[in-house]
Amino acid sequence: MRRSTSLPITISYRFFVLLPENLILVPSEMMAGERNLGGDPRRRQGMPQRRGPGDNEVSVSRYGGCSNRAIQTIIPTKSGASLDSRSGACSSQHTECDSEIGPFDICMRRGRSPVKLNLSLLEVNRERRREQEFSKTVPQKLYLRPGMVLLKNFIKHHDQVRIIKICQELGIGPGGFYKPGYGDGAKLHLQMMCLGKNWDPEKSLYEDKRSYDGAMPPKIPVELKKLVEDAIQASHDFLGRNEKGTNVDEELPRMSPDICIVNFYNSNGRLGLHQDKDESKSSLRMGLPVVSFSLGDSAEFLYGVERNTEKAEKVQLDSGDVLLFGGKSRHIFHGVPHIKPKTAPKRLIEETKLRPGRLNLTFRQY
């Protein structure tokens, strides 16, 4: 009889661990070395320089699994830190985040997003019908007060997509988005980028360069200027039809924008009541309007002649809305007390990957 021989068989397994982006893996030998730094000085002298948890050396293989070094512990990184400065400090997941280090990307990175099904044709058509019904039932042009007009759903879907892409490209480049603040350390609850000239909230004035890094603000793209001119013309047409006997050029003067402040509010973003009064004296004297574009999540907008939230009027600004205030309304107090989460059009988010929040562009003539 033939005797069978048993041969050893080795089966190897590879395990993959999914970790949140704000965690960094620290190898066990590093932890052991750190514990021994305070002990024998002879060991300390011969030990190579260690990297701390804030550095970019991570014990994770590029295939998504862990390296062959044993993992001792997991240390959370500082909130807002990023291993990829160009893409901003946020992960691609639908979360809130404010970057104070490096450029801020208003859109989620497609390559790292979790598995997500695209909107079905049924959902797309349903949203289009909802937009059409909204345009029929809700007044599309509103006269809020002298010199103040709201154009509902004025920016069409394809233009909204284009505006977001323009702001994303400019926002991650030189002079792009950053979190502005004041000398006492207080920060505004938003990300900001200036076009044409830089506005300094600490000095309350416009400058050719950004003071903290010397970056030159990007120019306003021609296609955005064209949308501003179209909005002013639409407002004049509306005022001419509905406000008989009104000199529309006095009520809402024409202007050619040469500066723009682009703000991105996350779901917790807000902006207190204030006046836009740092433009040139001639611009303010003529009442040249501020033209505001809203994209993404809806926002509650307050406005009034006094800096008093209880006395202020209120209106909701939705994605695609354009608000104009000039003439007698040029110096009104206005602000955004809060953003309404998950109110952005699904189709817009699907096509642009815009982060949760509101993108706001305010155009002026200096």
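Everything discussed here concerns the structure shown above.
First, a word on what this report is: a plain description of the structure on this page. Not measured: the values here are computed from a predicted model. Each residue is numbered by its place in its chain's sequence as written, counting from 1. Selection of residues for local features in this predicted model requires a pLDDT of at least 70, selection of side-chain atom pairs for listing and counting requires 80 or more, and totals for whole chains, interfaces and linings are taken over all residues. By convention in this description, side-chain values take in all heavy atoms of the structure and omit both hydrogens and water.

The next subject is the layout of surface pockets. Taken as a whole, the second largest pocket encloses approximately 660 Å³ of empty space. Along the wall of the second largest pocket there are 33 residues; nearest its centre are Trp199, Leu271, His274, Gln275 and Asp276. The helix and strand labels rest on DSSP assignments: H or I over at least four residues marks a helix, E over at least two residues marks a strand, and numbering proceeds from the N terminus. Listing elements by their share of the lining of the second largest pocket, those giving two or more residues are strand E8 (259-265), strand E9 (271-274), strand E10 (290-296), strand E14 (333-340) and strand E15 (358-364). Along the lines of polarity and charge, the residues of the lining of the second largest pocket split into 16 nonpolar, 10 polar and 7 charged. The definitions used throughout rest on a 1 Å grid laid over the protein atoms alone, on which a cavity is an enclosed set of points accommodating a 1.4 Å probe that cannot get out and a pocket is an open set flanked by protein within 12 Å on both sides along at least five of seven lines; lining residues are those having an atom within 4 Å of a point. Grid points are joined across faces, edges and corners, and a volume is the space filled by probe spheres set on the points. Under the scheme applied, nonpolar residues are Ala, Val, Leu, Ile, Met, Phe, Trp, Tyr, Cys and Pro; charged residues are Asp, Glu, Lys and Arg; polar residues are all the others, including Gly.

Right, let's get into unusual backbone geometry. The phi angle at lysine 342 is positive, at roughly 60°, despite the residue not being glycine. Inspection of the secondary structure assignment puts lysine 342 in the loop between E14 and helix H8 (346-352). Under the scheme applied here, a residue whose accessible area is under 20% of the maximum for its type counts as buried, over 50% as exposed, and between as partly exposed, the area being computed with a 1.4 Å probe on protein chains only. Under the relative-accessibility criterion, lysine 342 is labelled exposed at 78%. Residue lysine 353 is not a glycine yet carries a positive backbone phi of 60°. Note on placement: lysine 353 falls in the loop between H8 and E15. By relative accessible area, which is 16% here, lysine 353 ends up buried.

Bringing the packing of aromatic side chains into the picture now. How two aromatic rings sit relative to each other is given by the distance of their centres and the angle of their planes. To pair, rings of Phe, Tyr and Trp, with the six-membered ring standing in for Trp, must have centres within 6.5 Å; the planes then decide the type, stacked if under 30 degrees apart, edge-to-face if over 60, and tilted in the middle. Tallying each qualifying case throughout the model produces 6 aromatic pairs. The interplanar angle of 80° and the centroid separation of 6.4 Å between the aromatic rings of phenylalanine 104 and phenylalanine 177 together place this pair among those described as edge-to-face. With phenylalanine 104 in the loop between strand E2 (71-76) and helix H3 (121-137) and phenylalanine 177 in the loop between helix H4 (157-171) and strand E5 (191-195), the pair connects residues that are 73 residues apart, well separated along the chain. Geometrically, the ring pair formed by tyrosine 206 and tyrosine 366 is edge-to-face, given 5.6 Å between the ring centres and 75° between the ring planes. Of this pair, tyrosine 206 sits in strand E7 (residues 205-207) while tyrosine 366 sits in the segment after E15, placing them 160 residues apart in sequence. Classification of tyrosine 366 by relative accessible area gives partly exposed; the value is 32%. Over the face of the ring belonging to tyrosine 366 we find lysine 197, whose NZ or CZ atom lies 5.4 Å from the ring centre. Two thresholds decide whether a charge sits over a ring: the Lys NZ or Arg CZ must be within 6 Å of the ring centre and within 35 degrees of the ring normal.

By convention a nonpolar core is built from buried Ala, Val, Leu, Ile, Met, Phe, Trp, Tyr and Cys residues, the set being connected through side-chain atoms within 4.5 Å. Ile106, Val291, Phe293, Leu359, Leu361 and Phe363 are the most contacted members of the largest nonpolar core, which has 42 residues in total. Per element, the largest residue contribution to this core is 8 residues, and it comes from helix H5 (residues 222-242). Formed by 23 residues, the second largest nonpolar core is a distinct cluster that contains Leu188, Ile261, Val290 and Ile332.

Moving on: the sheet that holds E8. Two strands form a pair only when DSSP identifies at least two bridges running between them. Strand order in the open sheet formed by 7 strands is E3-E4-E13-E10-E15-E8-E5, and the pairing between neighbours is antiparallel. In the strand order of this sheet, the two ends are held by strand E3 (141-145) and E5, each with one partner. Neighbouring strand axes in the sheet, compared pairwise and without regard to direction, differ in orientation by 15° on average. Across 4 bridges, the pairing between strand E4 (residues 148-151) and strand E13 (residues 322-325) is antiparallel. Paired with leucine 151 across the two strands is valine 322, which belongs to E13. Angular values range over 0 to 180 degrees, each being the angle between N-to-C directions of two axes fitted as lines to C-alpha atoms, with helices fitted over their stretch in contact.

Let's shift gears to the environment of serine 267. Relative to the helices and strands, serine 267 resides in the loop between E8 and E9. As for serine 267 and arginine 355, which are separated by 88 residues in sequence, their C-alpha atoms are 9.5 Å apart.

Let us look at the pattern of salt bridges. As a working rule, side chains carrying opposite charge can pair if their charged atoms are close by. Any Lys or Arg side-chain nitrogen located within 4 Å of an Asp or Glu carboxyl oxygen qualifies as a salt bridge. Tallying each qualifying case throughout the model produces 14 salt bridges. For lysine 152, the salt bridge is made with aspartate 318, and the minimal N-O distance between the two is 2.9 Å. Here lysine 152 is found in the loop between E4 and H4, whereas its partner aspartate 318 is found in the loop between strand E12 (313-317) and E13, with 166 residues between them in sequence. Residue lysine 152 is classed as buried on the basis of its relative accessible area, which comes to 7%. Taking the relative accessible area as the measure of exposure, aspartate 318 reaches 16% and is therefore buried. Close ionic contact of lysine 311 with glutamate 306 constitutes a salt bridge, the shortest N to O distance being 3.6 Å. Among the residues examined, lysine 311 registers a relative accessible area of 57% and is labelled exposed. Here the salt bridges do not stand alone but share partners, grouping Asp276, Glu279, Arg330 and Arg364 into one network.

Right, let's get into the packing of H4 against H5. Running from N to C, H4 and H5 point in directions that differ by 135°, and their axes come no closer than 11 Å. Considered as vectors, H4 and H5 are oriented oblique to each other. Classified by chirality, the crossing of H5 by H4 is left-handed. Contacts from Asp159, Arg162, Ile163 and Ile166 in H4 reach Glu223, Leu224 and Leu227 in H5. Residue composition of the contact of H4 with H5, grouped by class: 4 nonpolar, no polar and 3 charged. If an angle is under 35 degrees, it is roughly parallel; if it is over 145, roughly antiparallel; if it lies from 65 to 115, roughly perpendicular; otherwise it is oblique. Left-handed describes a crossing whose near helix is turned anticlockwise from the far helix through less than a right angle; right-handed describes the clockwise counterpart. Contacts are assigned to residue pairs that have any heavy atoms within 4.5 Å of one another.

Our next topic: the sheet that holds E12. Across the sheet, 4 strands lie side by side as E9-E14-E11-E12; this open sheet has antiparallel pairing. Where the open sheet ends on each side, the last strands, each with one partner, are E9 and E12. If you compare each strand with its neighbour and ignore which way they point, the axes differ by 20° on average. Sheet topology note: the E9/E14 ladder contains 2 bridges and is antiparallel. In the strand pairing of E14, leucine 271 is matched with valine 336.

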